[in-house]
Amino acid sequence: MKKLNGVITAQRFNKSTLETIFAIADTMKAGHFDTQLLRGKTMVSLFYEPSTRTRLSHEMAMLKLGGSVIGTENAREFSSAVKGETLEDTVRIISGYGPDVIVLRYHEKGGAERAQSSSSVPIINAGDGAGQHPTQAILDLYTIKQEFGRIEGLDIALVGDLANGRTVRSLCYFLAKHYPNNRVHLVSPEQTRMGDDVKAYLKKYRVQFSELTELDSILPATDVVYQTRVQKERFVDKLSVYEEVVRAGEKLIITPDTLKRMKSKSIIMHPLPRVNEIDRAIDADPRTAYFRQAQNGLYVRMALLKMIIVGYPNGSN
Amino acid sequence: MKKLNGVITAQRFNKSTLETIFAIADTMKAGHFDTQLLRGKTMVSLFYEPSTRTRLSHEMAMLKLGGSVIGTENAREFSSAVKGETLEDTVRIISGYGPDVIVLRYHEKGGAERAQSSSSVPIINAGDGAGQHPTQAILDLYTIKQEFGRIEGLDIALVGDLANGRTVRSLCYFLAKHYPNNRVHLVSPEQTRMGDDVKAYLKKYRVQFSELTELDSILPATDVVYQTRVQKERFVDKLSVYEEVVRAGEKLIITPDTLKRMKSKSIIMHPLPRVNEIDRAIDADPRTAYFRQAQNGLYVRMALLKMIIVGYPNGSN
Amino acid sequence: MKKLNGVITAQRFNKSTLETIFAIADTMKAGHFDTQLLRGKTMVSLFYEPSTRTRLSHEMAMLKLGGSVIGTENAREFSSAVKGETLEDTVRIISGYGPDVIVLRYHEKGGAERAQSSSSVPIINAGDGAGQHPTQAILDLYTIKQEFGRIEGLDIALVGDLANGRTVRSLCYFLAKHYPNNRVHLVSPEQTRMGDDVKAYLKKYRVQFSELTELDSILPATDVVYQTRVQKERFVDKLSVYEEVVRAGEKLIITPDTLKRMKSKSIIMHPLPRVNEIDRAIDADPRTAYFRQAQNGLYVRMALLKMIIVGYPNGSN
């Protein structure tokens, strides 16, 4: 048996570990798990930014396996952070209380790495500012695998605020490194194009990709449309840019019309929450995978908690 | 065995179900319950408005029966709601994580119905804006039954901010539909009279009722004085009206003098929190039932959780 | 077996009880405890002021012993307090729900006493405004005992904002009453000298103490330097005084230079959070005891919870 030493960045996982996560998530999804597996084990949720969904999904994963949870839902405002304490001190002290895992959401890039360097227990990065959100990327990959039975030979369109979207950045890293045999379409307003660092990464791993500002031309061949929200909170002091982006993004809204031009076996994904970038009128269409995707987050997080706290077979891949 | 499918509005319950709730609450109050009944079961508290008392009472009910709780205490400010997510999306996602029950406090009327329509698990309505607060109404009825052994032939005065008080509205619905053989006195400042909808409902069920602006005339015959707080938070942008109501309400304050004119077997109820509408000087009088009433909330909520998650005998009434 | 009836003020404990706490904390630290000791027992965390560390430490202590926790992390803003409810009413209602213990952080001096007077269950005072913070004082004493094997014959320097620091005030009470055979140095800027009440208490118990505005002269002989943070939140409307104090406190900052002048067996303590009053450059020095001190908080709180909820042998001292 070996153990995962936390989940900090997307790049750190190799393909074999990913496939193990997916296999264990499958058993969780099938209901084949010991409801007392983590009895007596404890999680601390340390959230410096609001995120009900991500927090509750980790916490529910812990409870389903018999563990316990304590935490704070707005550490930035409520904790000793207001008294000037550094993230490093906070994490060092809390890890000293002996939880089995800390789930951290931080408002600045690199927070998870800084936390891990001060922690005596594993950290799960639940998003660090404009940085990464690796468990979301894992559940995104898991969803594609669940829906298509494979993560290769697919046309995957990442749509919307690619400049600020953590989830699409993390997803690109994973696709590039471990599942490069797909075609990636980066579809965004001019103002929120995917960062050069990610595009360089895609090139390095020879991923076929294109950049577009509209969806129409690629819809008929696309397998996955991964829509994202314009992250208003990243446009502080740039509200006029935000409004431009929203206007430019209007032609990227997924409507019943969009679906008509898509294949019968294709899917729509979204990390949620959505604002108006997906019309609620399509929710009943079986191709809308976003609620299934959110639910997969539970199974992936149950798998990660098992692998971090209990461990997994050495030879597994 | 059958199960309660959540608690959304007061009107949905029939008398037989109410009597079952009261009977199960009695066993909870007597300490006759399995402390591991809900082991492995989970509750999500989703509170869009502050309410420590209501939230902790539901959560403690869950813990007492061996269940686990996660949640958020100010979903409006902290959750994905700030990013523009609808209540329906939030509830659909959270119910997808597989809790056994969601306890919802929402700031707008109709929130619980909207939530239930999107949820795959039962919802307990812990108050929706100026709408309903059915578990409070149930515990109010339960308290009357506990104190008098019956809910009939009583003189019940509902006092204070009847226009905005959820609890008195819900209580009227229950009394009208299932316990119409009582006399109801609606005692309030002119500005906060009971809504016409509720009065029409009382009439429809032929409940004898009167409207007054002072308590004095009815005190000697009254069995229950149900006092309420002026809901300042419902007077946003109408502060001058609020001040008028507070002044008009001054003569409705319950003091040692009020108690002197009441029967020895009568009781004072209040949904709490109170501000100054009940003088603390009377707290030691055995007729003050409000702290017993709050405690009954625990037993009623334990009963409801059992009936929702585990179920109750089919033939029970 | 007898039980502790809560933890309200430092003065209430006798030396025999303190020594019992230390002995039980030792077994907790050694890992010799029943992980199901408090199964089915419940704690309510009622925090009117933010304090992630103190709250999580109590909550983790509860979980480690198998108990459950619910609560609120900012009762002042979120609870019925905003509707005007008194602390007494809130505590009376919550204790009526039947938790086994309430952990209270309150923003005004005397809050814990007021709460206990209205509570049917034991209260642990987790800090009340400028009043006391007794569990911190107990863990401070425990840390000194752990580090030196004794609490006597030591030179103990209390440094920084002595006027507003709850922890140093509580520590003085304990030292005076039960461990008077130490020398205490009160080192602070002129503006934040230790209050006369505490100095009178030290005199009453014949504790040898001095008052200084600089550390240099006492460093070579000092065993314990207990550094504290200037409590900015206590200087509302007095920001210019705050800035003076910070400037005056600059010469009290603990740096690598400070350590050079200290004994090899001495220690640096701090209740944490720290801002800049201890240079992070010394964190790796074995004499920095503050992270060990924070961790001791867990064991002391586990001991207190056991003594409050389960009890401890009558004859123990």
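This one's a predicted model, so the numbers in the text were calculated from it and none came from an experiment.

Remarks on the domain arrangement of chain A
All names here are of chain A.
1) Next: What the domain assignment lists for chain A is domain 1 (10-132 + 297-316) and domain 2 (134-294).
2) Next: If you average the C-alpha positions of domain 1 and of domain 2, the two centres end up 25 Å apart.
3) Next: Taken together, the contacts link 30 residues of domain 1 with 25 residues of domain 2.
4) Next: Both faces considered, domain 1 and domain 2 share a buried interface measuring about 2400 Å² in area, 56% of it formed by carbon and sulfur atoms.
5) Next: Connecting domain 1 to domain 2 are one salt bridge.
6) Next: Of the charged contacts, one joins Lys-145 and Glu-19 as a salt bridge, the two residues approaching to 2.7 Å between their closest N and O atoms.
7) Next: For the pair domain 1 and domain 2, the interface holds 12 residue pairs in polar contact (both at pLDDT 80 or more).

Focus: unusual backbone geometry
All names here are of chain A.
1) Next: Note the cis peptide between Leu-272 and Pro-273, where omega equals 5 degrees.
2) Next: When you line up the elements, Pro-273 lands in the loop between β9 (267-269) and α11 (290-310).
3) Next: A positive phi angle, near 55 degrees, is found at Arg-206, a position not held by glycine.
4) Next: Looking at Arg-206, the relative accessible area reads 76%, which means it is exposed.
5) Next: With respect to the element layout, Leu-272 can be found in the loop between β9 and α11.
6) Next: With relative accessibility at 5%, the residue Leu-272 sits in the buried group.

Here's the deal with the interface of chain A and chain C
1) Next: With 26 residues of chain A at the interface, the matching set in chain C holds 30 residues.
2) Next: Taken together, both faces of the contact between chain A and chain C bury some 2600 Å²; the carbon and sulfur share is 58%.
3) Next: Linking chain A to chain C there are three salt bridges.
4) Next: Its salt-bridge partner being Asp-89 of chain A, residue Arg-280 of chain C comes within 4.0 Å of it at the nearest N-O pair.

Section: the pairing of strand β5 (residues 155-159) of chain A
All names here are of chain A.
1) Next: Most of β5 is tucked away, with five of its five residues classed as buried.
2) Next: Neither face of β5 is open: one carries Asp-155, Ala-157 and Val-159, the other Ile-156 and Leu-158, and all of them are buried.
3) Next: In this sheet, strand β6 (residues 183-187) lies alongside β5 in parallel orientation, the contact comprising five bridges. Residue pairing across strands places Val-159 opposite Val-187, the latter belonging to β6.
4) Next: Following the backbone out of β5, through helix α7 (residues 166-178) and into the adjacent parallel β6, one traces a crossover that is right-handed.
5) Next: Here β5 pairs with strand β8 (residues 224-227) via four bridges, running parallel. The residue of β8 that forms the bridge with Ala-157 is Val-225.

Focus: the confidence of the model for chain A
1) Next: Per-residue confidence for chain A gives a mean pLDDT of 92, with 97% of residues at or over 70.
2) Next: The ipTM for the predicted assembly is 0.92, set against a pTM of 0.93.

A closer look at the side chain of Thr-192 of chain B
1) Next: For Thr-192 of chain B, the location among the structural elements is in the loop between β6 (183-187) and α8 (196-204).
2) Next: Residues contacting Thr-192 of chain B, with those up to four places away along its chain left out, are Gly-160, Asp-161, Leu-162, Ala-163, Asn-164, Phe-235 and Val-245 of chain B.

Definitions and limits used
Residues numbered from 1 in each chain as written. Chains lettered and ligands numbered in written order. Predicted model: local features only at pLDDT ≥ 70, side-chain atom pairs only at ≥ 80, totals over all residues. Heavy atoms only, no water. Domains from an automatic or database assignment. Contact = heavy atoms within 4.5 Å. Buried area = accessible area lost by both parts, 1.4 Å probe. Salt bridge = Lys/Arg side-chain N within 4 Å of Asp/Glu carboxyl O. Polar contact = N/O pair within 3.5 Å; in protein donor to acceptor, adjacent residues only side chain to side chain. Helix = DSSP H or I, 4+ residues; strand = E, 2+ residues; numbered from the N terminus. Buried < 20%, exposed > 50% of the residue type's maximum accessible area, 1.4 Å probe, protein only. Pairing = 2+ DSSP bridges. Right-handed = clockwise from strand over helix to strand, strands pointing away. pLDDT = per-residue confidence, 0-100.

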